Amino acid sequence: MRSLQSEIERRGRRIFELVDKHPESLFSKTGFYQRLMTISMRDEQLKLQLFRFVDVLPSLRTSGEVVEHLQEYFAEARDSRKLSEFLGAGIRLARIVPWLSGPILRWNVSEMARQFIAGRNSNDVLQILRKRRTEKIGFTVDLLGEAVVSETEADQYAARYLDLLEGLARETRTWTDPLGKNSELFPVVNVSVKISALFSQISPEDPADAIAHLSPKLRPLLRRARELGAFINFDMESYAHKNTTLELFKTIFTEEEFKDWPHAGIVTQAYLRDSEADLRDLIEWGHARGTRFAVRLVKGAYWDYETSKSRQNGWDCPVYLQKPASDANFEALTRLLLENESIVTSAFGSHNVRSIAQAQAFAEELGIDRSRFEFQLLYGMAGPIKRALVDMGYRVREYCPVGELLPGMSYLVRRLLENTSNEGFLRAKFSENVPVEDLLRDPCEILRRNRNGVLPPSNATINMTTATPKTQQGVPYENAPLTNFALPENQEKMRTALREQRKQLGRKVPLTISGEKIWTDEMFSSVNPSQPDQIVGYAAEAGIPEAERAIAAARAAFEKWRRTSFEERCQLLERVAEILERRRFELCALEVFEVGKPWAQADGDIAEAIDFCTFYARQMRLMGRPRLTQNVPGEESYQHYWPRGVALVIAPWNFPMAILCGMVSAALVTGNTVIMKPSEQSVIIGAMLMEIYEEAGVPPGVLNFVNGKGSVIGAHMVDHKDVDLIAFTGSREVGLRIWESAGKTREGQRELKRVICEMGGKNAMIVDSDADLDETIVDSIYSAFGFQGQKCSALSRLIVLEENHDRVVERLLGAAASVRVGNPEEPGIVVGPVIDEAAYRRILEYIELGKSEATLAYQAKEVPPHGYFIPPTIFTGVKPGMRIAREEIFGPVLSVIKVRDLDEAIEVANGTDYALTGGFFSRSPANIERVKAQLEAGNVYINRPCTGAIVGRHPFGGFKMSGSGTKAGGADYLLNFLIPRVVTENVTRHGVAPEKTPEYRDEFLWPKQ
Ligand SMILES: Cc1cc2nc3c(=O)[nH]c(=O)nc-3n(C[C@H](O)[C@H](O)[C@H](O)COP(=O)(O)OP(=O)(O)OC[C@H]3O[C@@H](n4cnc5c(N)ncnc54)[C@H](O)[C@@H]3O)c2cc1C
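Residues numbered from 1 in each chain as written. Predicted model: local features only at pLDDT ≥ 70, side-chain atom pairs only at ≥ 80, totals over all residues. Heavy atoms only, no water.

## Comments concerning the overall build of the chain
Basically, it comes down to this: For helices the rule is a DSSP run of H or I covering at least 4 residues; for strands it is a run of E covering at least 2, with both sets numbered from the N terminus onward. Here the globule rule reads 2.2 Å times residues to the power 0.38, and the radius of gyration is calculated from C-alpha atoms. The classification of residues rests on relative accessible area computed with a 1.4 Å probe and restricted to protein chains. Under 20% of the type maximum is buried, over 50% is exposed, and intermediate values are partly exposed. We call two residues in contact when some of their heavy atoms are within 4.5 Å. To measure how exposed things are, a 1.4 Å probe is used in the Shrake-Rupley method; for residues, cover is taken only from the protein chains shown.
Of regular secondary structure, the chain possesses 35 helices and 30 strands. Computed over C-alpha atoms, the radius of gyration of the chain comes to 32 Å, within 12% of the 30 Å expected from 2.2 N^0.38 for 1009 residues, which places it in the range of a compact globule. When the backbone C-alpha atoms are referred to their principal axes, the chain occupies close to 100 × 80 × 65 Å. Burial statistics for the chain: of 1009 residues in total, 59% are counted as buried. Partitioning the contacts of the chain with sequence separation of at least 6, the portion at a separation of at least 24 is 77%. Here the chain has roughly 39,600 Å² of accessible surface; of this, 50% comes from carbon and sulfur atoms.

## Comments concerning the site of the ligand
Spelled out, the test is: Throughout this document, a residue counts as near a molecule or strand when at least one of its heavy atoms sits within 4 Å of that molecule or strand. Here a polar contact is taken to be a pair of N or O atoms separated by no more than 3.5 Å, where protein atoms must pair a possible hydrogen donor with a possible acceptor and residues adjacent in sequence count only if both atoms sit in side chains. Amino acid classes used here: Ala, Val, Leu, Ile, Met, Phe, Trp, Tyr, Cys and Pro are nonpolar; Asp, Glu, Lys and Arg are charged; the rest, including Gly, are polar.
The environment of the ligand is made up of 32 residues, and the closest members are Gly300, Ser326, Ser350, His351 and Phe425. Between the ligand and the protein, one listed contact pairs an oxygen atom with a backbone N or O atom of Ala301 at 2.8 Å. Within the side chain of Ser326, a nitrogen or oxygen atom sits 2.6 Å from a nitrogen atom of the ligand. Looking at the shell around the ligand, the elements that each hand over two or more residues are strand S4 (264–269), strand S5 (293–298), helix H14 (323–339) and strand S7 (374–378). Among the residues making up the shell around the ligand, the classes are represented as 14 nonpolar, 11 polar and seven charged.

## Things to note about the layout of surface pockets
In this approach a probe as big as a water molecule rolls over the atoms, and the regions it shows empty are the leftover space. Keep this limit in mind: Think of a 1 Å grid over the protein atoms and nothing else: a 1.4 Å probe that fits but is trapped marks a cavity, an open set flanked by protein within 12 Å on at least five of seven lines marks a pocket, and residues with an atom within 4 Å of a point count as lining. Grid points are joined across faces, edges and corners, and a volume is the space filled by probe spheres set on the points.
In this structure, the second largest pocket occupies an estimated 1,300 Å³ of space. Every residue lining the second largest pocket is counted, 44 residues in all, and those nearest its centre are Gly730, Ser731, Arg732, Glu733 and Val734. For the lining of the second largest pocket, the secondary structure elements donating two or more residues are helix H28 (710–719), strand S19 (725–729), helix H29 (732–742) and helix H32 (837–853). Taken together, the residues of the lining of the second largest pocket break down into 18 nonpolar, 12 polar and 14 charged.

## Observations concerning the nonpolar core
General note: in soluble globular proteins, nonpolar side chains tend to be found buried as a group. Counted only if it meets this: As used in this record, nonpolar core signifies buried Ala, Val, Leu, Ile, Met, Phe, Trp, Tyr and Cys residues forming a set joined through side-chain atoms within 4.5 Å.
Counting residues in hydrophobic clusters, the biggest one holds 128 residues, and the most contacted among them are Phe253, Ile385 and Leu416. Setting aside residues no more than four positions away along its own chain, Ile385 makes contact with Val19, His351, Val353, Ile356, Leu377, Leu426 and Phe430. With 80 residues, the next largest nonpolar core counts Phe615, Met663, Met690 and Leu974 among its residues.

## Topic: the side chain of Asn528
Relative to the elements of secondary structure, Asn528 occurs in strand S12 (residues 523–528). On the basis of relative accessible area, Asn528 is assigned to the buried category, the value being 1%. Within polar-contact distance, the side chain of Asn528 engages the backbone nitrogen of Ser530 at 2.9 Å. Excluding residues within four positions of it along the chain, Asn528 makes contact with Gln534, Val536, Val592, Phe593 and Glu825.

## A word on the sheet that holds S5
Sheets are built from strands paired through backbone hydrogen bonds, the pairs being either parallel or antiparallel. Let me state the cut-off plainly: In this analysis, strands are considered paired if DSSP registers two or more bridges between them. Axis lines are fitted to C-alpha atoms, over the contacting stretch for helices. Their N-to-C directions set the angle, which ranges from 0 to 180 degrees.
With respect to topology, eight strands assemble into a closed barrel ordered S1-S2-S3-S4-S5-S6-S7-S8, the strand pairing being parallel. Across the sheet, the mean angle separating the axes of adjacent strands is 30° when strand polarity is ignored. Here strand S3 (residues 231–234) runs beside S4; their pairing, made up of three bridges, is parallel. Along S4, the bridge assignment pairs Ile232 with Ala264. Helix-sheet contacts for helix H11 (residues 242–252) involve S3, S4 and S5, and the interaxial angle to S4 is about 155°.

## Things to note about the pairing of strand S28 (residues 939–942)
Applied cut-off: When the strands point away from the viewer and the connection leading from the first strand across the helix to the second strand turns clockwise, the crossover is called right-handed.
Across the two faces of S28 the burial differs, with Asn939 and Tyr941 buried and Val940 and Ile942 not buried at all. One ladder, built from four bridges, connects strand S27 (residues 917–921) with S28; its direction is parallel. The residue of S28 that forms the bridge with Thr917 is Asn939. Remark: the S27/helix H35 (residues 925–934)/S28 crossover connection has right-handed handedness.

## Focus on helix H9 (residues 151–171)
Basically, it comes down to this: Residue count minus one, scaled by 1.5 Å, sets the expected span of a helix.
Helix length check: H9 (21 residues) gives 30 Å between terminal C-alpha atoms against 30 Å at 1.5 Å per residue, within 8%. For H9, the set of buried residues is Glu151, Glu153, Ala154, Tyr157, Ala158, Tyr161, Leu164, Leu165, Gly167, Leu168 and Ala169. On its buried face, H9 is in contact with helix H8 (122–134), strand S1 (138–143), strand S2 (190–193), helix H10 (207–228) and helix H31 (802–818).

## A word on the sheet that holds strand S9 (residues 507–509)
Pairing is mixed across the open sheet formed by three strands, whose spatial order is S9-S13-S12. Bordering the open sheet on either side are S9 and S12, each of which pairs with just one other strand. Neighbouring strand axes in the sheet, compared pairwise and without regard to direction, differ in orientation by 35° on average. As paired elements, S12 and strand S13 (residues 531–540) share six bridges and run antiparallel to each other. In the sheet register, Met523 faces S13, and the bridge partner there is Ala540.

## Here we look at the environment of Ala388
Mapped onto the secondary structure, Ala388 falls in helix H16 (residues 383–391). Measuring from C-alpha to C-alpha, the distance between Ala388 and Ile756 comes to 71 Å, with 368 residues separating the pair along the chain. When residues no more than four places from it in sequence are discounted, the contact partners of Ala388 are Ile15, Leu18 and Val19.

## Focus: the side chain of Gln788
Position of Gln788 relative to the elements: it lies in the loop between helix H30 (773–785) and strand S22 (795–801). In contact with Gln788, other than residues within four places in its own chain, are Gly596, Pro598, Val830, Val831, Gly832, Pro833, Val834, Gly891 and Pro892.

## Points about the pattern of salt bridges
The test is simple: Just to be clear on terms, a salt bridge is a Lys or Arg side-chain nitrogen sitting within 4 Å of an Asp or Glu carboxyl oxygen.
Tallied over the full model, the rule gives 80 salt bridges. With a closest N to O distance of 3.1 Å, Asp235 and Lys194 form a salt bridge. Here Lys194 lies in the loop between S2 and H10 and Asp235 lies in the loop between S3 and H11, a separation of 41 residues in the sequence. Accessibility classification places Asp235 together with Lys194 in one group, the buried group.

## What to know about the pairing of S19
Across the five residues that make up S19, a large majority, five, are buried. Alternating residues of S19 divide into Leu725, Ala727 and Thr729 and Ile726 and Phe728, and every residue in both groups is buried. As defined by bridge partners, strand S16 (residues 646–650) adjoins S19 across four bridges and the pair is classed as parallel. Residue pairing in the sheet places Ile650 in a bridge with Phe728 of S19. As paired strands, S19 and strand S20 (residues 754–758) are joined by five bridges and run parallel to one another. Looking at the pairing, Phe728 lines up with Cys757 of S20. As a crossover connection, the stretch from S19 through H29 into S20 is right-handed.

## A closer look at H14
Given a rise of 1.5 Å per residue, 17 residues ought to cover 24 Å, and the 25 Å separating the end C-alpha atoms of H14 matches this to within 8%. Along H14, 13 of the 17 residues are buried, which leaves the element largely enclosed by surrounding structure.

## Considerations on the packing of helix H12 (residues 275–289) against H14
Selection rule: Angles below 35 degrees are treated as roughly parallel, those above 145 as roughly antiparallel, those between 65 and 115 as roughly perpendicular, and all remaining angles as oblique.
In contact at an axis separation of 11 Å, H12 and H14 are set at 10° when each is read in the N-to-C sense. Relative to H14, the element H12 lies roughly parallel. In contact with Ser275, Glu276, Leu279, Arg280 and Ile283 of H12, H14 contributes Asn329, Leu333, Leu336 and Leu337. Of the residues in the contact of H12 with H14, the class split is five nonpolar, two polar and two charged.

## Description of the state of the cysteines
The bond known as a disulfide is covalent and runs between the sulfur atoms of two cysteines. Condition: The disulfide criterion used throughout: a pair of cysteine sulfur atoms within 2.5 Å.
Counted under the stated rule, the structure contains zero disulfides. The closest cysteine sulfur to the non-disulfide-bonded Cys946 is located on Cys792, 11 Å from its own sulfur.

## Section: the packing of aromatic side chains
As a reminder, the rule being used: Whether two aromatic rings pair depends on their centres lying within 6.5 Å, for rings of Phe, Tyr and Trp, where Trp uses its six-membered ring; planes under 30 degrees apart make the pair stacked, over 60 edge-to-face, and the rest tilted.
All chains considered together, the criterion is met by 27 aromatic pairs. Arranged with centres 6.2 Å apart and planes meeting at 55°, the rings of Phe249 and Phe293 form a pair that is tilted. Pair noted here: Phe249 is in helix H11 and Phe293 is in strand S5, with a separation of 44 residues, a long-range link. Across the pair, exposure class does not vary: Phe249 and Phe293 are buried alike. Seen from their ring centres, Trp285 and Phe293 are 5.3 Å apart, and the 75° between their planes marks the pair as edge-to-face. A residue is classified by how much of its surface remains accessible, and Trp285, at 12% relative accessible area, is buried.

## Concerning the packing of helix H23 (residues 566–582) against helix H27 (residues 683–696)
For clarity, the threshold we go by: Note: crossing handedness is left-handed where the near helix turns anticlockwise from the far helix by less than a right angle, and right-handed where it turns clockwise.
Across the interface, H23 lies against H27 with an axial gap of 9 Å and an inter-helix angle of 125°. Accordingly, the angle class assigned to the pair H23 and H27 is oblique. Relative to H27, H23 is oriented so that their crossing is right-handed. Where H23 approaches H27, its residues Leu572, Leu573, Arg575, Val576, Ile579, Leu580 and Arg582 are matched on the opposing element by Ile692, Tyr693, Glu695 and Ala696.

## Examining unusual backbone geometry
Positive phi values are uncommon outside glycine, yet Lys136 reaches one of about 65°. A relative accessible area of 47% places Lys136 in the partly exposed class. Of note in the backbone geometry, Asn943 takes a positive phi value of approximately 55° without being a glycine. Here Asn943 lies in the loop between S28 and strand S29 (959–960).

Read these as spatial facts, not as claims about activity.
In structure tokens:
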């Protein structure tokens, strides 16, 4: 008997022979598409621009816009010859007769899209399906569409699926199975469904909620499919949706009504490291259910997305990083599927001849008839391979996307990327003419050789470490990863932590001064804003005497602390980071109770606190040593830093751990002693930070914890002669008072007080006429309503160019209506309660004001009856001069302002007192450049949400009335806590100078480093 490998090769060669009989191939097409492919494969940079241009083109309205974009995208094309090769007459015409070039390019792109998109609707697609029928190729139809951002859109999608199903069933009533054997396993009508199209609010942290919403939408479709004898397949999307899709599949097909229905299928993505475990679990489920089901095995279409997303979040990458690893896993899973043929019907979704031949050979080895499984390939790709498989007597089904060009753009761009990928089989075979023996090589063998260093590693292999820029002595800074709540174990940890925290409700916390725990007569209660009758904890309240004691303690501890080596201080911060990490879920859960943060937002806050500790420790090491200013013979000049003295840290409740910990850590690591005063609303979290610092070993008096009314002890300490520095984050009103008060010099004061003052914002995002609306809507909703709009960075004004206004508003209102409002103890909540009754009343007053000034376009109707829940609210027709457009509201209220053009948009955006965050959604390179240069904001975000700054990556802070221009989490932040000093010595004696001057001199430090 021949070995499996030689059998695979034999079959592979046979497929290639058949393929070569029909010379037509993907890359032999002439015209626009072929030019695009050729150039894209030669020049990565140009490829990116070309694909971006293709992406924006359908949304451009006039030829003038097309020409402008064309010129903007390719203004810097280094090789204009290549470009005109691609654009051909397009670009020349663009210059001469702009009105003509728009339609030509649009036509070209439409033609290209038609290559991959089978039609606009079921009528269109039927012509294609009929043709395929004559070629003995079956079909599965998929509906393309805009990203679903609201439940209205999801319902429309569900209706389209039903229509499609009805239409296909009606038109194919007389069609029979192409192989005429085992046809009961393969209904003629096959529809592929994406769950993200049926529910707009899938939250990876709450699969149960998604399933509860998706099931009622799916049941009518499944019921009808069953009546019509059709097949329904669940496609697989990004990793975040994977577990939900699997759970949904198993749950719904275990229901009594569908338990014995065999015509359901799901997708397994072989590029996922956990795909084998998932597939085994599915098979086990199938056996327990006792009815056949189907699996389409693919490699996976979101490789680039998954790798960059996991790198951004610091997560383990869920996909294999070497292409042969995905190929090898595909083969292993092929075996697993075929070995379980008794319960699962396999569909192999691949264009890779090696993968296909392996499935054939293994099926043969197991004696499985070729009519009992199928090969599936995409519409518009690998036609000759489909034909070859049909000729060999195999079952072939084509995956046919249906939909309009604009919504189908992301599908088109995915196909273009796949076809030009360095790693892709089709490119290797049809464009680069890689020899057959290489194409048919065993992927396990390639992996083995890669490991032995015989073959170079795969081009696309990402080295997670070297890909990050090196910024400190060759060591890249790494942020603490966010918790991936898509993983069930993390969901469980959070639930457990919430249960544990609930048991701790009502705890009492003391003041800490000079290491001593101090209880006062007054106790302050902190309540759960979701349930104000629930007390999270009680904190001892400091009066003026305790404030005085704390200042005295900090002053007394200063001399020793300033002389403690910076290395020791850095290590203290690092120990704090470790403890924060260890207690992460506990602290997240506490935030849910004390400030109403949804899970992921609470986790982001703790992650940021960890980052502040590790980042500032790192920065301090960089600047801690006295450094030579200039190398000149005969003179040595060293700059170094002294701490300022006693720092008063006054923090807000909205980032109760991160901001408090950030300011405290910066002050401590630079050698200052600290009095920390958390917000009254988040005092228990503040007390936890004190506890953590003590566990990490902060010496008595170096960090003191006082809690009390800002207007009493806060104001007293700000004015105190012994306080040298005030780090404040909070409202403009308090900030300006501190700024003014600190400007007065008091009797006995040693230093001019330094004030680090971060205040509010009235943040605007501009929506250009060519913006990607899927992205715009999702990001705007998240920026405006995430954590109930209580971030200083939150979006408050959406400034929309008039061409897009009506469509943006329509989709925005639908999306707002679909956002989940509720108690954030539940996973997946987007909008929880606002912090307290005062905030609640103030925001409601603003909403009333808004009703009188503008048009109330949307307000959520259902919010929990108890607790400080404000319904997400959107005003339209807002004018820049209105109060709701000028004043900070700090709640889930969004104003939409319509403008004529970008000039007006920028003027409106800049026309407030604030300059904190701002953003722009656009696909025009020229407009993006302009906004980057002109938007008045400390943090400008393009084509992404305007919240969620990450330490080190997005140093955060604004100017104008938003702050004093400091950047938390930035390289220069620590300078605010330090006094620079320079010591210069003439080192010549009788004209003789030392030959060498050291770059660092440590003798200015105590003790010596
Ligand atoms: C009928 C059909 C239905 C499909 N349905 C889905 C679906 O529901 N969900 C889905 O996600 N995809 C789906 N796909 C797409 C599929 O996952 C692949 O993207 C595509 O088919 C390319 O794989 P290939 O075997 O044809 O080509 P090949 O060229 O052999 O493989 C390319 C694939 O290898 C993987 N890869 C590329 N580079 C690397 C690397 N450096 N390290 C590791 N792996 C790498 C990627 O998955 C890439 O798509 C479907 C494909 C078909 C044909």
